[in-house]
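Reading the structure
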Amino acid sequence: QSAEAITQIGTNGIPIYLKMLEAKDSEFKTKLIKQLNKLPLVEFDPFTASDRQQAAIWVLKTLGTNALPAYPTLLNMLKQDICPTAIHDALMAISPEDESATQFALNHSNPLVRLSTVNYYDRRRYQFDSIAIPVDDLLPVLRDPYYRVRWACVNALGLAAETNSSVRAALKLCLTDKGVRVRS
């Protein structure tokens, strides 16, 4: 029913969804939630900024290509470093084949954005075939300075390596090359 309602609202709701992606919890709210959750017998589950962002991503994914009018704004938000992990997920929900958002996110200065981007493809491998994984974009990420990003990249490329001999060779080379810190 909710997907049907989203479809009926259509692109008219895009400005609201974009605002939802920008949501941030105040420091006071975050501290209050932590304190309340420490109390025994108190069940407190507020609707947080993260919940709003995930709802907006779900809506944009439900709209699919109908949400393309939001794409330039989302790409600009990604470049301005506004909630970059949520924005990248939203961009991929609208246009999963777009390489410009992926390239920008994989080269982002924030390692959490790079990690989220690689994890996006790791999650996708369970839904789609290995062709959906941008192997050429991910191979350089094996040299990322942050081990969690490298580790996630190895996981994402693992499925592609099963069917793609060049990926298999690149992963094998990385595991034997002392200059690449995939193993650390």
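Rules used throughout
Residues numbered from 1 in each chain as written. Predicted model: local features only at pLDDT ≥ 70, side-chain atom pairs only at ≥ 80, totals over all residues. Heavy atoms only, no water. Helix = DSSP H or I, 4+ residues; strand = E, 2+ residues; numbered from the N terminus. Buried < 20%, exposed > 50% of the residue type's maximum accessible area, 1.4 Å probe, protein only. Contact = heavy atoms within 4.5 Å. Areas by Shrake-Rupley, 256 points an atom, 1.4 Å probe, with all protein chains shown as cover. Lys, Arg positive; Asp, Glu negative; His and termini not counted. Charge placed at Lys NZ, Arg CZ, Asp CG, Glu CD.

What follows deals with the overall build of the chain. Assigned secondary structure in the chain consists of eleven helices and zero strands. The principal-axis extent of the C-alpha atoms belonging to the chain is close to 50 × 45 × 30 Å. Looking at the chain residue by residue over its 184 residues, the buried ones come to 42%. A separation threshold of at least 6 residues defines the contact pool for the chain, and within that pool the share at least 24 residues apart is 62%. Of the roughly 11,000 Å² that the chain leaves accessible, carbon and sulfur atoms contribute 56%. Here the chain contributes 21 positively and 19 negatively charged side chains, and the mean placements of these two sets differ by 8 Å.

For helix α6 (residues 84-94), the buried fraction is high: ten of the eleven residues fall into the buried class. Looking at α6, one finds that the buried residues are P84, A86, I87, H88, D89, A90, L91, M92, A93 and I94.

Our focus in this paragraph is the side chain of T102. Among the structural elements, T102 can be located in helix α7 (residues 99-106). Using a relative accessible area of 1% as the deciding quantity, one classes T102 as buried. Not counting residues up to four positions away in its chain, the partners in contact with T102 are H88, M92, T117, Y121 and D137.

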